[in-house]
Amino acid sequence: MPDGFKTLTGNPTSNTESRIIRYLKSRGITQKDIIKWKMGYTTQGRYRNRVIIPSFNDRGDLNYFVARTYVDDYMRYLNPPVSRDIIFNELYVDFTEEVILVEGIFDAIKAKNSIPILGSSIRETSKLFKKIVRHDTPVLLALDPDAWKKSNIIKNLLLKYAIEVREIQYPPTASDLGEMSHAEVRVLAQRAPFVTPGDNLLNAIEMI
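Residues numbered from 1 in each chain as written. Predicted model: local features only at pLDDT ≥ 70, side-chain atom pairs only at ≥ 80, totals over all residues. Heavy atoms only, no water.

> Describe the side chain of Arg68, listing the residues and the values that go with them.
Among the secondary structure elements, Arg68 is positioned in strand E4 (residues 62–69). Among the polar contacts made by the side chain of Arg68, one reaches the side chain of Tyr23 at a distance of 3.1 Å. Each residue touching Arg68, except ones within four places of it in the same chain, is listed here: Tyr23, Arg27, Asn49, Arg50, Val51, Arg76, Tyr77 and Phe106. (Helix = DSSP H or I, 4+ residues; strand = E, 2+ residues; numbered from the N terminus. Polar contact = N/O pair within 3.5 Å; in protein donor to acceptor, adjacent residues only side chain to side chain. Contact = heavy atoms within 4.5 Å.)

Below you can see the structure in the form of C-alpha coordinates.
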(Lines give C-alpha, C1' and ligand atoms only; values in the text may rest on other atoms or scores of the structure.)
Protein backbone atom coordinates (compact mmCIF):
# COMPACT_ATOMS: atom_id res chain seq x y z
CA MET A 1 0.00 0.00 0.00
CA PRO A 2 1.12 3.61 -0.43
CA ASP A 3 3.18 5.15 2.38
CA GLY A 4 1.01 6.63 5.11
CA PHE A 5 -2.12 4.66 4.16
CA LYS A 6 -5.02 5.31 6.52
CA THR A 7 -8.34 3.51 6.55
CA LEU A 8 -11.70 5.19 5.98
CA THR A 9 -13.69 2.34 7.47
CA GLY A 10 -14.28 4.07 10.84
CA ASN A 11 -15.85 7.39 11.75
CA PRO A 12 -14.09 10.46 10.27
CA THR A 13 -11.40 11.81 12.58
CA SER A 14 -10.15 14.75 10.50
CA ASN A 15 -11.30 17.36 8.00
CA THR A 16 -9.53 15.39 5.27
CA GLU A 17 -11.48 12.24 6.07
CA SER A 18 -14.75 14.16 6.22
CA ARG A 19 -14.01 15.68 2.82
CA ILE A 20 -13.30 12.27 1.30
CA ILE A 21 -16.47 10.80 2.77
CA ARG A 22 -18.50 13.67 1.29
CA TYR A 23 -16.92 13.02 -2.10
CA LEU A 24 -17.71 9.30 -1.91
CA LYS A 25 -21.29 9.98 -0.86
CA SER A 26 -21.65 12.33 -3.84
CA ARG A 27 -20.75 9.31 -6.00
CA GLY A 28 -23.46 7.21 -4.36
CA ILE A 29 -20.98 5.21 -2.27
CA THR A 30 -22.16 4.18 1.19
CA GLN A 31 -20.33 3.44 4.43
CA LYS A 32 -21.07 -0.23 3.77
CA ASP A 33 -19.27 0.08 0.42
CA ILE A 34 -16.29 1.77 2.09
CA ILE A 35 -15.99 -1.08 4.58
CA LYS A 36 -16.51 -3.83 2.00
CA TRP A 37 -13.87 -2.41 -0.37
CA LYS A 38 -11.52 -1.46 2.51
CA MET A 39 -11.07 2.08 1.21
CA GLY A 40 -8.48 4.44 2.57
CA TYR A 41 -6.26 7.36 1.67
CA THR A 42 -2.84 8.87 2.23
CA THR A 43 -1.52 12.40 2.70
CA GLN A 44 1.99 11.43 1.55
CA GLY A 45 3.76 11.00 -1.77
CA ARG A 46 2.32 10.74 -5.26
CA TYR A 47 -0.91 9.10 -4.09
CA ARG A 48 -1.98 11.90 -1.76
CA ASN A 49 -5.38 13.51 -2.29
CA ARG A 50 -6.70 10.22 -3.61
CA VAL A 51 -9.06 7.50 -2.45
CA ILE A 52 -7.11 4.25 -2.25
CA ILE A 53 -8.98 1.01 -3.02
CA PRO A 54 -6.91 -2.16 -2.52
CA SER A 55 -7.16 -5.53 -4.27
CA PHE A 56 -6.45 -8.93 -2.72
CA ASN A 57 -5.73 -12.22 -4.47
CA ASP A 58 -7.41 -15.52 -3.59
CA ARG A 59 -4.93 -16.04 -0.71
CA GLY A 60 -5.73 -12.66 0.81
CA ASP A 61 -2.45 -11.03 -0.26
CA LEU A 62 -2.43 -7.45 -1.54
CA ASN A 63 -1.77 -7.53 -5.29
CA TYR A 64 -2.87 -4.10 -6.56
CA PHE A 65 -4.63 -0.89 -5.67
CA VAL A 66 -6.46 1.91 -7.45
CA ALA A 67 -5.92 5.55 -6.44
CA ARG A 68 -8.71 7.91 -7.54
CA THR A 69 -8.44 11.68 -7.06
CA TYR A 70 -11.09 13.46 -5.02
CA VAL A 71 -9.71 16.98 -5.73
CA ASP A 72 -10.22 17.15 -9.52
CA ASP A 73 -6.61 16.36 -10.41
CA TYR A 74 -6.20 16.23 -14.20
CA MET A 75 -5.10 12.59 -13.81
CA ARG A 76 -8.16 10.91 -12.34
CA TYR A 77 -6.40 7.61 -11.62
CA LEU A 78 -2.90 6.67 -10.55
CA ASN A 79 -2.06 2.99 -10.32
CA PRO A 80 1.00 1.20 -8.91
CA PRO A 81 3.90 0.25 -11.22
CA VAL A 82 3.10 -3.48 -11.15
CA SER A 83 1.47 -5.96 -13.52
CA ARG A 84 -2.23 -5.43 -14.18
CA ASP A 85 -2.69 -9.10 -15.03
CA ILE A 86 -4.68 -9.69 -11.87
CA ILE A 87 -8.24 -10.48 -10.84
CA PHE A 88 -9.18 -7.41 -8.82
CA ASN A 89 -10.31 -8.47 -5.34
CA GLU A 90 -10.30 -12.14 -6.37
CA LEU A 91 -10.64 -13.01 -2.66
CA TYR A 92 -14.26 -11.85 -2.69
CA VAL A 93 -15.40 -13.10 -6.11
CA ASP A 94 -17.56 -16.23 -6.39
CA PHE A 95 -16.75 -17.89 -9.71
CA THR A 96 -19.52 -20.45 -9.24
CA GLU A 97 -22.00 -17.60 -9.77
CA GLU A 98 -22.41 -15.10 -12.59
CA VAL A 99 -19.74 -12.41 -12.48
CA ILE A 100 -20.25 -8.88 -13.73
CA LEU A 101 -17.35 -7.51 -15.76
CA VAL A 102 -17.04 -3.73 -15.68
CA GLU A 103 -14.42 -1.20 -16.71
CA GLY A 104 -13.58 0.71 -13.55
CA ILE A 105 -13.56 0.41 -9.80
CA PHE A 106 -16.54 2.73 -9.21
CA ASP A 107 -18.59 0.64 -11.64
CA ALA A 108 -17.65 -2.49 -9.69
CA ILE A 109 -18.65 -0.95 -6.37
CA LYS A 110 -22.23 -0.53 -7.64
CA ALA A 111 -22.58 -4.13 -8.85
CA LYS A 112 -22.77 -7.53 -7.16
CA ASN A 113 -20.00 -10.15 -7.61
CA SER A 114 -18.22 -7.77 -9.95
CA ILE A 115 -14.72 -7.46 -11.34
CA PRO A 116 -13.24 -4.25 -12.77
CA ILE A 117 -11.03 -5.14 -15.73
CA LEU A 118 -9.23 -1.79 -15.31
CA GLY A 119 -9.83 -0.86 -18.90
CA SER A 120 -12.02 -2.16 -21.70
CA SER A 121 -10.27 -5.30 -22.95
CA ILE A 122 -9.46 -8.82 -21.80
CA ARG A 123 -6.70 -10.96 -23.24
CA GLU A 124 -7.24 -14.66 -23.89
CA THR A 125 -4.06 -15.32 -21.90
CA SER A 126 -5.05 -13.25 -18.87
CA LYS A 127 -5.58 -14.73 -15.43
CA LEU A 128 -9.15 -13.46 -15.38
CA PHE A 129 -10.12 -15.01 -18.69
CA LYS A 130 -8.48 -18.33 -17.84
CA LYS A 131 -10.31 -18.52 -14.51
CA ILE A 132 -13.67 -17.76 -16.12
CA VAL A 133 -13.12 -20.56 -18.65
CA ARG A 134 -11.80 -22.99 -16.03
CA HIS A 135 -14.88 -22.52 -13.84
CA ASP A 136 -17.30 -22.12 -16.78
CA THR A 137 -18.46 -18.94 -15.08
CA PRO A 138 -21.46 -17.10 -16.58
CA VAL A 139 -20.64 -13.48 -17.41
CA LEU A 140 -22.74 -10.33 -17.32
CA LEU A 141 -20.90 -7.79 -19.45
CA ALA A 142 -21.31 -4.17 -18.36
CA LEU A 143 -18.68 -2.08 -20.10
CA ASP A 144 -19.45 1.61 -20.60
CA PRO A 145 -21.90 2.35 -23.45
CA ASP A 146 -19.20 4.06 -25.56
CA ALA A 147 -17.04 0.90 -25.45
CA TRP A 148 -19.42 -1.19 -27.55
CA LYS A 149 -16.77 -2.19 -30.11
CA LYS A 150 -14.46 -3.54 -27.43
CA SER A 151 -17.46 -5.13 -25.73
CA ASN A 152 -18.21 -7.04 -28.93
CA ILE A 153 -14.64 -8.32 -29.04
CA ILE A 154 -14.96 -9.63 -25.47
CA LYS A 155 -18.33 -11.21 -26.23
CA ASN A 156 -16.87 -13.05 -29.23
CA LEU A 157 -13.99 -14.31 -27.12
CA LEU A 158 -16.29 -15.59 -24.37
CA LEU A 159 -18.69 -17.21 -26.84
CA LYS A 160 -15.75 -18.93 -28.53
CA TYR A 161 -15.25 -20.84 -25.27
CA ALA A 162 -18.99 -21.50 -24.84
CA ILE A 163 -19.26 -19.14 -21.87
CA GLU A 164 -22.80 -18.01 -21.12
CA VAL A 165 -22.97 -14.25 -21.65
CA ARG A 166 -25.54 -11.59 -20.86
CA GLU A 167 -25.07 -7.89 -21.51
CA ILE A 168 -26.51 -4.86 -19.76
CA GLN A 169 -28.62 -2.61 -21.98
CA TYR A 170 -28.12 1.01 -20.91
CA PRO A 171 -30.84 3.65 -21.05
CA PRO A 172 -30.19 6.32 -23.73
CA THR A 173 -29.01 8.90 -21.18
CA ALA A 174 -26.76 6.59 -19.12
CA SER A 175 -22.97 6.96 -18.99
CA ASP A 176 -21.76 4.05 -16.84
CA LEU A 177 -22.66 2.00 -13.77
CA GLY A 178 -20.55 4.21 -11.53
CA GLU A 179 -22.99 7.08 -12.02
CA MET A 180 -26.01 4.96 -11.03
CA SER A 181 -27.41 3.85 -7.71
CA HIS A 182 -27.11 0.29 -6.43
CA ALA A 183 -30.84 -0.17 -7.05
CA GLU A 184 -30.64 1.06 -10.65
CA VAL A 185 -27.77 -1.31 -11.36
CA ARG A 186 -29.71 -4.24 -9.88
CA VAL A 187 -32.65 -3.51 -12.18
CA LEU A 188 -30.43 -3.32 -15.27
CA ALA A 189 -28.71 -6.57 -14.27
CA GLN A 190 -32.02 -8.36 -13.83
CA ARG A 191 -33.22 -7.22 -17.26
CA ALA A 192 -29.99 -7.95 -19.16
CA PRO A 193 -30.62 -10.31 -22.10
CA PHE A 194 -28.48 -13.26 -23.13
CA VAL A 195 -26.05 -12.87 -26.00
CA THR A 196 -26.11 -15.44 -28.80
CA PRO A 197 -23.54 -15.99 -31.56
CA GLY A 198 -26.12 -14.76 -34.10
CA ASP A 199 -26.70 -11.53 -32.19
CA ASN A 200 -23.01 -10.85 -32.00
CA LEU A 201 -22.54 -11.56 -35.70
CA LEU A 202 -25.05 -8.81 -36.47
CA ASN A 203 -23.15 -6.46 -34.17
CA ALA A 204 -19.90 -7.33 -35.93
CA ILE A 205 -21.47 -6.51 -39.31
CA GLU A 206 -22.63 -3.14 -38.00
CA MET A 207 -19.04 -2.39 -36.95
CA ILE A 208 -17.79 -2.72 -40.55
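Structure shown, so let's carry the discussion forward.
> Can you tell me about the pairing of E4, naming the residues and giving the values?
By the criterion of burial, E4 is predominantly enclosed, with six of the eight residues buried. Note that strand E3 (residues 50–56) and E4 share seven bridges and pair antiparallel. Along E4, the bridge assignment pairs Phe56 with Leu62. The turn joining E3 and E4, which pair antiparallel and follow one another in sequence, is formed by five residues; a positive phi near 90° is taken by Gly60. Where E4 and strand E5 (residues 77–78) come together, two bridges link them in antiparallel fashion. (Buried < 20%, exposed > 50% of the residue type's maximum accessible area, 1.4 Å probe, protein only. Pairing = 2+ DSSP bridges.)

> Which residues make up the nonpolar core, and what values do they have?
Most often, soluble globular proteins keep nonpolar side chains buried together rather than apart. Core analysis: the largest hydrophobic core is formed by 35 residues, its most contacted members being Leu24, Met39, Phe88 and Leu177. Among all residues touching Phe88, those that are not within four sequence positions of it are Trp37, Ile53, Pro54, Ser55, Tyr64, Val66, Val93, Ile105, Ile115, Pro116 and Leu118. By size, the runner-up hydrophobic cluster in this structure holds 22 residues, among which are Val99, Ile115, Ile132 and Leu157. (Core = buried A, V, L, I, M, F, W, Y, C linked by side-chain atoms within 4.5 Å.)

> I'd like to hear about the layout of surface pockets, residue by residue, with values.
There is about 700 Å³ of room inside the largest pocket. Elements with a minimum of two residues in the lining of the largest pocket: helix H2 (31–36), helix H3 (105–110) and helix H6 (182–191). The dominant element in the lining of the largest pocket, judged by the number of residues it contributes, is H6, at five residues. For the lining of the largest pocket, the per-class residue count stands at nine nonpolar, six polar and ten charged. Taken as a whole, the second largest pocket spans an internal volume of roughly 400 Å³. Residue lining of the second largest pocket: 19 residues in total, with Arg76, Tyr77, Glu103, Gly104 and Asp107 positioned closest to the centre. (1 Å grid on protein atoms, 1.4 Å probe; cavity = no way out; pocket = protein on both sides within 12 Å on 5 of 7 lines; lining within 4 Å. Points joined across faces, edges and corners; volume = space filled by probe spheres on them. Nonpolar A, V, L, I, M, F, W, Y, C, P; charged D, E, K, R; others polar.)

> Any details on the packing of aromatic side chains? Residues and values, ideally.
Per the stated rule, a full pass over the model turns up three aromatic pairs. For the pair Tyr47 and Phe65, a centre-to-centre distance of 5.1 Å together with 80° between the ring planes defines the contact as edge-to-face. Of the two residues, Tyr47 sits in the loop between strand E2 (40–42) and E3 while Phe65 sits in strand E4, which places them 18 residues apart along the sequence. Of the residues examined, Tyr47 reaches a relative accessible area of 10% and is grouped as buried. Consider the rings of Phe129 and Tyr161, whose centres lie 5.2 Å apart with planes at 80°: the pair is edge-to-face. Of this pair, Phe129 sits in helix H4 (residues 127–135) while Tyr161 sits in the loop between helix H5 (148–160) and strand E9 (165–167), and the two are 32 residues apart along the sequence. Residue Tyr161 is classed as partly exposed on the basis of its relative accessible area of 34%. Sitting above the plane of the Phe106 ring, Arg27 keeps its charged end 4.3 Å from the centroid. Geometry around Tyr77 places Arg68 over its ring, the cationic atom sitting 5.6 Å from the centre. (Phe/Tyr/Trp six-rings, centres within 6.5 Å; stacked < 30°, edge-to-face > 60°. Lys NZ or Arg CZ within 6 Å of the ring centre and 35° of its normal.)

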